[in-house]
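# Fold and contact review
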Amino acid sequence: MHRMNTFSWIFLLALGGGLLLQMWLAARQAAHIIAHADRVPAAFSDRITLQQHRKAASYSLARLAIERWELALGALLLLGWTLAGGLDWLDRMIASAALPGVWEGVLLILAVMLIGGLIQLPLSVWRTFGVEARFGFNHNTPAGFVKDKLLGILLTLVLGVPLIAVILWLMAAAGDYWWLWAWLVWMGFSLAVTWAYPIWIAPLFNKFEPLQDDTLRHRLEMLLQRCGFKSNGMFIMDGSRRSAHGNAYFTGFGANKRIVFFDTLLDGLETDEVEAVLAHELGHFKRRHIVKMLTISAFMSLCGLALLGWLSQQSWFYAGLGVERMTPALALTLFMLVLPAFSIFFIPLMSRVSRRHEFEADDYASEQTDPRHLISGLVKMYRDNASTLTPDPLYSAYYHSHPPAPVRIAHLSSKIPA
């Protein structure tokens, strides 16, 4: 254990305070779900049975149990890397290999990512083959699970290693304003990955086939035409190969924009409902939510890199987090490790922005389609995904990117023509 300084105590206060806050919110969520588990909310009573409602409650409680373990393990792992000296020890071990140039730093960061992933792997296994399987959602196999993890590691090496190497080189060679150049590199990398994702990355994990249903495709094409949206096609993803959960999303940008439906979603919804769900997604496009969120993300990443540029020059930053050397790799690693301990307190702000966007997208969908179709589609998705209809209001306000089910359905109901 290294000697503590003022920043050590600030870090401990943020970590401990954040952990207690999240555990308290999880306890509130569990208590609220249990208290309302034996009665279906009136707005859903004609479409969701008590048995389905109780299943959603049990599923939500099981997921909360994993969430608590993840919070506790994450805090212990962070303390192990920092104040307990784990990162300092790993840095000295790698430094003894005397690797050339930035590769010592690249190896340090990759090692931290790999070790952290291995320590957290049992919880991932528990979530997939324990909770998800127990409630009938997991369709993955152990072999498929391992394949996904190995593909993720391979992508990290292929995409992440060059990025990390460039960032570390800039930190060492680009002067006091290296963070500005690093931000430009990061933005270019993010845009390139977003552009390439539909064509080169997503197909590594799933199969995508063009939408074949002529009636549905015609309805959706007419909707796209009314909304002035051009895409590179509508595709069905074999989501059922891993999970029974359903979803739909946009991916890519420019000429690579795609509309993707999980096969599980199409199996559960009628044509009118699929059209309404797509209209909601188009609402995000028409209301420029994607551009707004990209702008916010770009601004936050710029501020974060500028902050890292300053912290990397402060000896108390390293000493306060349990390391002896002052190197670009240690600065970057420490920053990535401890940032969540402080940024956790800003989650409600982003959640609030996201929920406002969801309401606006629902409003747009109500203008393009009958809001009753979106309501019925959402209720089926809540039912089929075992989403709780009775979240704790404070927990939901803190974490959830979408409005609570009763609030969202009430808002859409107000849009039904008299």
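Predicted model only: the values in this text are computed from it and were never measured.

Take the overall build of the protein next. When its secondary structure is counted, the protein shows 16 helices and four strands. For 418 residues, the compact-globule estimate of 2.2 N^0.38 gives 22 Å, and the C-alpha radius of gyration of the protein, at 24 Å, lies within 12% of that figure. Expressed as lengths along the three principal axes of its C-alpha atoms, the size of the protein is roughly 70 × 50 × 40 Å. The contacts of the protein with a sequence gap of at least 6 include a subset with a gap of at least 24, amounting to 77%. Surface summary for the protein: the accessible area is close to 21,200 Å², and the carbon and sulfur share equals 66%. Averaging the positions of the 35 positive and the 31 negative side-chain charges in the protein gives two centres separated by 2 Å.

All right, on to helix α10 (residues 289-311) then. What sets the pattern is the α-helix's 3.6 residues per turn: residues three or four places apart point alike. Between the first and last C-alpha of α10 there are 32 Å, a value that for 23 residues agrees with the 33 Å anticipated at 1.5 Å per step. Burial in α10 covers these residues: H289, A298, S301, G304, L305, L308, G309 and L311. Check the buried side of α10 and you find it contacts α6 (178-201), α9 (271-286), α11 (315-320), α12 (328-343) and α13 (347-368).

A few words on a nonpolar patch on the surface. Together, L114, L118, V146, L150, I153, L154, L157 and V158 give the surface a local cluster of nonpolar side chains, amounting to about 730 Å² of exposed area. When residues of the nonpolar patch are traced back to their parent elements, those giving at least two are α4 (103-134) and α5 (142-173). With six residues, the single largest contributor to the nonpolar patch is α5. With respect to the helices and strands, the residue L157 is situated in helix α5.

What the four strands build is an open sheet, ordered β1-β2-β4-β3; its pairing is mixed. If you trace the sheet from one side to the other, it starts and ends with β1 (208-210) and β3 (248-251), each paired once. Direction aside, the axes of adjacent strands within the sheet are offset by 30 degrees on average. Pairing geometry for β1 and strand β2 (residues 234-237), over three bridges, is antiparallel.

Bringing the pattern of salt bridges into the picture now. This structure, assessed with the given rule, holds 22 salt bridges. Across the salt bridge formed by R325 and D91, the nearest N and O atoms sit 2.9 Å from each other. Of the two residues, R325 is situated in the loop between α11 and α12 and D91 in helix α3 (residues 86-95); the sequence distance between them amounts to 234 residues. Owing to a relative accessible area of 3%, D91 belongs among the buried residues under this scheme. With a shortest N-O distance of 3.9 Å, R408 and E358 are connected by a salt bridge. Placement of the pair is R408 in helix α16 (residues 405-413) and E358 in helix α13, with a sequence separation of 50 residues. Its relative accessible area of 6% is what places E358 among the buried residues. Among the charged side chains, a salt-bridge network with shared partners connects R219, R226, D272 and E275.

Here the focus is the nonpolar core. Core analysis: the biggest nonpolar cluster contains 47 residues, and F11, L87, V106 and L168 have the highest contact counts within it. Take this core: its biggest share by element is nine residues, from α12. Ignoring anything within four residues of it in the chain, the contact list for L168 reads V102, G105, V106, I109, P328, A329 and L332. Grouped together as the second largest cluster of nonpolar side chains are 42 residues, L224, A276, V379 and Y382 included.

Turning our eyes to something else, we now look at the pairing of β2. With four bridges joining them, β2 and strand β4 (residues 258-262) adopt parallel strand pairing. Bridged to I236 within β4 is F261.

Moving on, we get to the packing of α4 against α12. Closest axis-to-axis distance for the α4/α12 pair is 9 Å, and the angle between their directions is 25 degrees. Taken together, the axes of α4 and α12 are roughly parallel relative to one another. Every pair of crossing elements has a handedness; the one defined by α4 and α12 is right-handed. Contacts between α4 and α12 involve G105, L108, I109 and V112 on the former and, on the latter, A329, L330, L332, T333, M336 and L337.

Judged by how many residues are buried, β4 sits mostly within the fold: five of five residues are covered. The alternating pattern of β4 places R258, V260 and F262 and I259 and F261 on opposite faces, both of which are buried.

Rules used throughout
Residues numbered from 1 in each chain as written. Predicted model: local features only at pLDDT ≥ 70, side-chain atom pairs only at ≥ 80, totals over all residues. Heavy atoms only, no water. Helix = DSSP H or I, 4+ residues; strand = E, 2+ residues; numbered from the N terminus. Rg over C-alpha atoms; globule rule 2.2 N^0.38 Å. Contact = heavy atoms within 4.5 Å. Areas by Shrake-Rupley, 256 points an atom, 1.4 Å probe, with all protein chains shown as cover. Lys, Arg positive; Asp, Glu negative; His and termini not counted. Charge placed at Lys NZ, Arg CZ, Asp CG, Glu CD. Expected span 1.5 Å × (residues − 1). Buried < 20%, exposed > 50% of the residue type's maximum accessible area, 1.4 Å probe, protein only. Patch = residues over 30% accessible without salt bridge, like charges linked within 9 Å, V, L, I, M, F, W, Y side chains within 5 Å. Salt bridge = Lys/Arg side-chain N within 4 Å of Asp/Glu carboxyl O. Pairing = 2+ DSSP bridges. Axes fitted to C-alpha atoms, helices over the stretch in contact; angles between N-to-C directions. Core = buried A, V, L, I, M, F, W, Y, C linked by side-chain atoms within 4.5 Å. Parallel < 35°, antiparallel > 145°, perpendicular 65-115°, else oblique. Left-handed = near helix turned anticlockwise from the far one by under 90°.

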